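Chains, contacts and geometry: an overview
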Amino acid sequence: MKPGWIFVAPALLIAAAPPPDAATKDDLRCFLIMGSLAGTAKEGPGMQTAVAGTLYFLGRLEDRAPALDIEAAGAAELLAMTEADFQKDKPRCLAVIEEKGKRLIAIGAAIDKRLKQAR
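A brief structural summary. Everything quoted here is computed from the prediction, not taken from an experiment.

The next thing to look at is the pattern of salt bridges. A complete count under the given rule lists 10 salt bridges for this structure. Of the charged contacts in the structure, one is a salt bridge between Asp-26 and Arg-92, with a shortest N-O distance of 4.0 Å. Of this pair, Asp-26 sits in helix 2 (residues 22–40) while Arg-92 sits in helix 5 (residues 83–118), and the two are 66 residues apart along the sequence. Under the relative-accessibility criterion, Asp-26 is labelled partly exposed at 35%. Ionic pairing is found between Asp-27 and Arg-64, a salt bridge with its closest N-O pair at 3.0 Å. Here Asp-27 is found in helix 2, whereas its partner Arg-64 is found in helix 3 (residues 45–64), with 37 residues between them in sequence. The buried category is assigned to Asp-27, whose relative accessible area is 5%.

Rules of the game
- Residues numbered from 1 in each chain as written.
- Predicted model: local features only at pLDDT ≥ 70, side-chain atom pairs only at ≥ 80, totals over all residues.
- Heavy atoms only, no water.
- Salt bridge = Lys/Arg side-chain N within 4 Å of Asp/Glu carboxyl O.
- Helix = DSSP H or I, 4+ residues; strand = E, 2+ residues; numbered from the N terminus.
- Buried < 20%, exposed > 50% of the residue type's maximum accessible area, 1.4 Å probe, protein only.

Printed below as a string of structure tokens:
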């Protein structure tokens, strides 16, 4: 094996990954954006939102495309994304998480109401 081969092989694997469909690509970008925000946020609500968002979009990816090599597709997408892409997609991704957060609060309130009625 020639020196440097270990560095070339991952690049070849990234290039070999089939491109995801548009909806999967959107979820992949949100997963990457949320992960980036989680990695740079300070402790508190911002970090909690970013971590929750990362987990949410990971779940969507695993459900939508179970055969997707998330590591390879993620690396390829990060190489293709620009800062402008990040800034353009970030509000869309955060809006999804905000909507799901409101839904979670509504579900919790409905469960509490049912529990009180049952007692």
